[in-house]
Protein chains: 2
Amino acid sequence: MNRRKALENLRVVLVGTLYGGNVGSACRAMANCGVRELRLVAPDPGLTWEFAERMAVHATDILAERRTFATLAEAVADCVAVAGTSRRGGLYRRHFADSREVAPELLGLAETGPVALVFGREDKGLLNEELLLCTHVVQIPASPDYPSYNLAQSVLLLCHELYRAAAGPARNRELESSPPATADLRGRMLAKLRAYLLATGFMQEDNADHMMEGFGRVFARGVRTEADAKLVMGAVQQAGWALDAAKRRG
Amino acid sequence: MNRRKALENLRVVLVGTLYGGNVGSACRAMANCGVRELRLVAPDPGLTWEFAERMAVHATDILAERRTFATLAEAVADCVAVAGTSRRGGLYRRHFADSREVAPELLGLAETGPVALVFGREDKGLLNEELLLCTHVVQIPASPDYPSYNLAQSVLLLCHELYRAAAGPARNRELESSPPATADLRGRMLAKLRAYLLATGFMQEDNADHMMEGFGRVFARGVRTEADAKLVMGAVQQAGWALDAAKRRG
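All values derive from a computational prediction rather than experimental measurement. (Residues numbered from 1 in each chain as written. Chains lettered and ligands numbered in written order. Predicted model: local features only at pLDDT ≥ 70, side-chain atom pairs only at ≥ 80, totals over all residues. Heavy atoms only, no water.)

This next bit is on the overall build of chain A. Counting its secondary structure elements, chain A contains 12 helices and seven strands. At 28 Å, chain A has a C-alpha radius of gyration far larger than the 18 Å of a compact globule built from 250 residues. For chain A, the spread of C-alpha atoms along the three principal axes comes to 90 × 40 × 40 Å. Within chain A, the fraction of its 250 residues that count as buried is 49%. Sequence separation of at least 24 residues holds for 81% of the intrachain contacts in chain A that already meet a minimum separation of 6. Looking at chain A, you have 31 positive and 29 negative side-chain charges, and the mean spots of the two groups are 5 Å apart. (Helix = DSSP H or I, 4+ residues; strand = E, 2+ residues; numbered from the N terminus. Rg over C-alpha atoms; globule rule 2.2 N^0.38 Å. Buried < 20%, exposed > 50% of the residue type's maximum accessible area, 1.4 Å probe, protein only. Contact = heavy atoms within 4.5 Å. Lys, Arg positive; Asp, Glu negative; His and termini not counted. Charge placed at Lys NZ, Arg CZ, Asp CG, Glu CD.)

Printed below as a string of structure tokens:
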């Protein structure tokens, strides 16, 4: 099974959720991360489904296809791994894993069968007996000054780590639509610039090398791709032509 | 300046925000990640501050201390770097950076001065002229099926990357409150278990090696720390005593 497919084996399990808005926001966060299946364990009777609908926006299908269970044990019965989220430590919570470090392992397990990502109540989190059902206890780091994330935001942060793990390493190169500029192309660009700046009288031969160091530094930072370099070269070329034409006229 | 301090140099800038709930949720996400300063650019006149208050929960101080500006240029005038978020590509948006890859660079810049993290309108994002004010354009990867994150969740994901960058690499070891079990401790634990399982008649000398391979495998996976190993040893020891006592009585 490929890693993207493995995302479909993730089950977001919300235990005793109080607020509909959090359920809806969780659905949207799941959809943003390619996670599709929502399971609710004994949601609060006062939960407002209208808010859930509203916050799910374009992920109402996930909300509509949710499955509801009476207990966490029933909700995770078919899962090969159960990752509970908790921010509290304690005697039986020694085996905390960092959400980013554990993501590849959880994704690997999801290639073999359903994996539950379990989130507790807005006020009390997961109970000890619920954490005992977990094969992993996951902690999402936060500022000590305000360590408690909103429920839907915890769902987002963990699902995003799994999406990242499935997508593989971040890839700026793929985000760039142009290949990196070669040293040769950079050099030709700077040569064009040098000739133009001499022609404009911005610098003279005796201080040109010194001044070009500055431009070299600027473009070394700024020019990353062929497209960048060709854009600069094109502008300099045109400026040179304009200058020549003006000189001929004058 | 240390990296934690650098978080205080981050400025979350929300441009033309429509919904108060998103402003409040953004405040909470900022507080969760140790980011303190909120700047608003021309928020929608219909924005409901009551919802903002409610969603900020324990981060209402960030909301109360917000600064409001008429234009993005004014809001980021004092910033040494301006990171705009966008999910759309296009001719002048080639210099996309991945939110995770760019976080350490942005944090490094924040050690030298204020750095703006800029988020556009819920419906239209940032305008081209606003993106032209940005030194970085940041993309937060998402599922192609539903690539648009809620505004407050985009704020959370980028602030969390910066918090991670400030906190340094994820550290499961620190999360463990007990040192790793040594091979010697593991060996003594398994020897105790072997003696006990022979005493109970669960296995005999002739098949003990074979059966212990199975337990070896299980505990190799399950026993990571001294605390784990001592817990198992303690249970086996007690079971052995109980068995002896029962045999003496019988």
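This part is about the side chain of H160 of chain B. Assignment of secondary structure puts H160 of chain B in helix α8 (residues 151–167). The residues touching H160 of chain B, leaving out its near neighbours within four places in the chain, are R100, I140, P141, Y149 and L157 of chain A together with C33 of chain B.

What follows is about the sheet that holds strand β7 (residues 136–139) of chain A. All names here are of chain A. If you trace the seven strands from one edge of the open sheet to the other, you get β3-β2-β1-β6-β4-β7-β5, paired in parallel fashion. Only two strands of the sheet have a single partner each, and these edge strands are β3 (67–69) and β5 (96–98). When the angles between neighbouring strand axes are averaged without regard to direction, this sheet yields 30 degrees. Here helix α8 (residues 151–167) sits on the sheet and contacts β1 (10–15), β4 (81–85), β6 (115–119) and β7; the angle it forms with β6, its principal contact strand, is near 150 degrees. (Pairing = 2+ DSSP bridges. Axes fitted to C-alpha atoms, helices over the stretch in contact; angles between N-to-C directions.)

The transform that puts chain B on chain A rotates by 180 degrees and translates by 0.1 Å along the axis, for an RMSD of 0.2 Å. Such values leave the two copies arranged in the relation of a two-fold axis. Both copies contact each other with a shared surface, as 100% of the interface residues of chain B are interface residues in chain A too. (Least-squares fit on C-alpha atoms with pLDDT ≥ 70 in both.)

Here we come to the domain arrangement of chain A. Assigned domains within chain A: domain 1 (3–167) and domain 2 (183–249). Each of domain 1 of chain A and domain 2 of chain A was reduced to a C-alpha centroid, and the two centroids are 55 Å apart. (Domains from an automatic or database assignment.)

So, about the packing of helix α2 (residues 20–32) of chain A against helix α3 (residues 49–56) of chain A. Residue and element names in this part refer to chain A. Relative to each other, α2 and α3 sit at 25 degrees, their axes nearing to 7 Å. With respect to α3, the element α2 is oriented roughly parallel. Viewed along their axes, α2 and α3 form a crossing whose handedness is right-handed. Taken together, the residues of α3 that come into contact with α2 (itself represented by G20, G21, V23, G24, S25, C27 and R28) are W49, F51, A52, M55 and A56. In terms of residue class, the contact of α2 with α3 is built from seven nonpolar, four polar and one charged. (Parallel < 35°, antiparallel > 145°, perpendicular 65-115°, else oblique. Left-handed = near helix turned anticlockwise from the far one by under 90°. Nonpolar A, V, L, I, M, F, W, Y, C, P; charged D, E, K, R; others polar.)

A complete count under the given rule lists zero aromatic pairs over all chains for this structure. Here the guanidinium or amino end of R66 of chain A rests over the ring plane of W49 of chain A, the centre of that ring lying 3.9 Å away. (Phe/Tyr/Trp six-rings, centres within 6.5 Å; stacked < 30°, edge-to-face > 60°. Lys NZ or Arg CZ within 6 Å of the ring centre and 35° of its normal.)

Ranked by internal contacts, the top residues of the largest apolar core, which has 94 residues, are V12, L14 and L117 of chain A together with V12, L14 and L117 of chain B. The residues contacting L14 of chain A, other than those within four sequence positions of it, are V23, A26, L38, R39, L40, V41, F119, L151 and V155 of chain A. (Core = buried A, V, L, I, M, F, W, Y, C linked by side-chain atoms within 4.5 Å.)

A separate point is the confidence of the model for chain A. For chain A, the average pLDDT comes to 87, and 93% of its residues sit at 70 or higher. Among the prediction metrics, the complex's ipTM stands at 0.74, with pTM recorded as 0.77. (pLDDT = per-residue confidence, 0-100.)

Further remarks concern the interface of chain B and chain A. Tallying the contact residues gives 45 residues for chain B and 45 residues for chain A. Of the roughly 4,000 Å² buried at the junction of chain B and chain A (both faces included), carbon and sulfur atoms supply 49%. For the pair chain B and chain A, the number of links is four salt bridges. Between chain B and chain A we count 24 residue pairs in polar contact (both at pLDDT 80 or more) in total. Examining the composition of the side of chain B that touches chain A, we find that eight residues originate from one element, α8 of chain B, more than from any other. Its residues placed into classes, the side of chain B that touches chain A shows 22 nonpolar, 14 polar and nine charged. (Buried area = accessible area lost by both parts, 1.4 Å probe. Salt bridge = Lys/Arg side-chain N within 4 Å of Asp/Glu carboxyl O. Polar contact = N/O pair within 3.5 Å; in protein donor to acceptor, adjacent residues only side chain to side chain.)

All names here are of chain B. Here seven strands make up an open sheet; going across it, the order is β3-β2-β1-β6-β4-β7-β5 and the pairing parallel. Unpaired on one side and paired on the other, β3 (67–69) and β5 (96–98) mark the two borders of the sheet. Adjacent strand axes in the sheet meet at a mean angle of 30 degrees when their direction is disregarded. Summarising the sheet, strand β2 (residues 37–41) and β3 pair through three bridges and their orientation is parallel. The residue of β3 that forms the bridge with L40 is T68. Lying on the sheet, helix α2 (residues 20–32) is in contact with β1 (10–15) and β2; it crosses β2 at an angle near 155 degrees.

Residue and element names in this part refer to chain A. As for its placement among the helices and strands, A229 is situated in helix α12 (residues 226–249). Residues A229 and P180 lie 49 residues apart in sequence; the distance between their C-alpha atoms is 9.4 Å. Sequence-distant contacts of A229, that is, excluding residues within four places in its chain, are made with A181, L185, M189 and V223.

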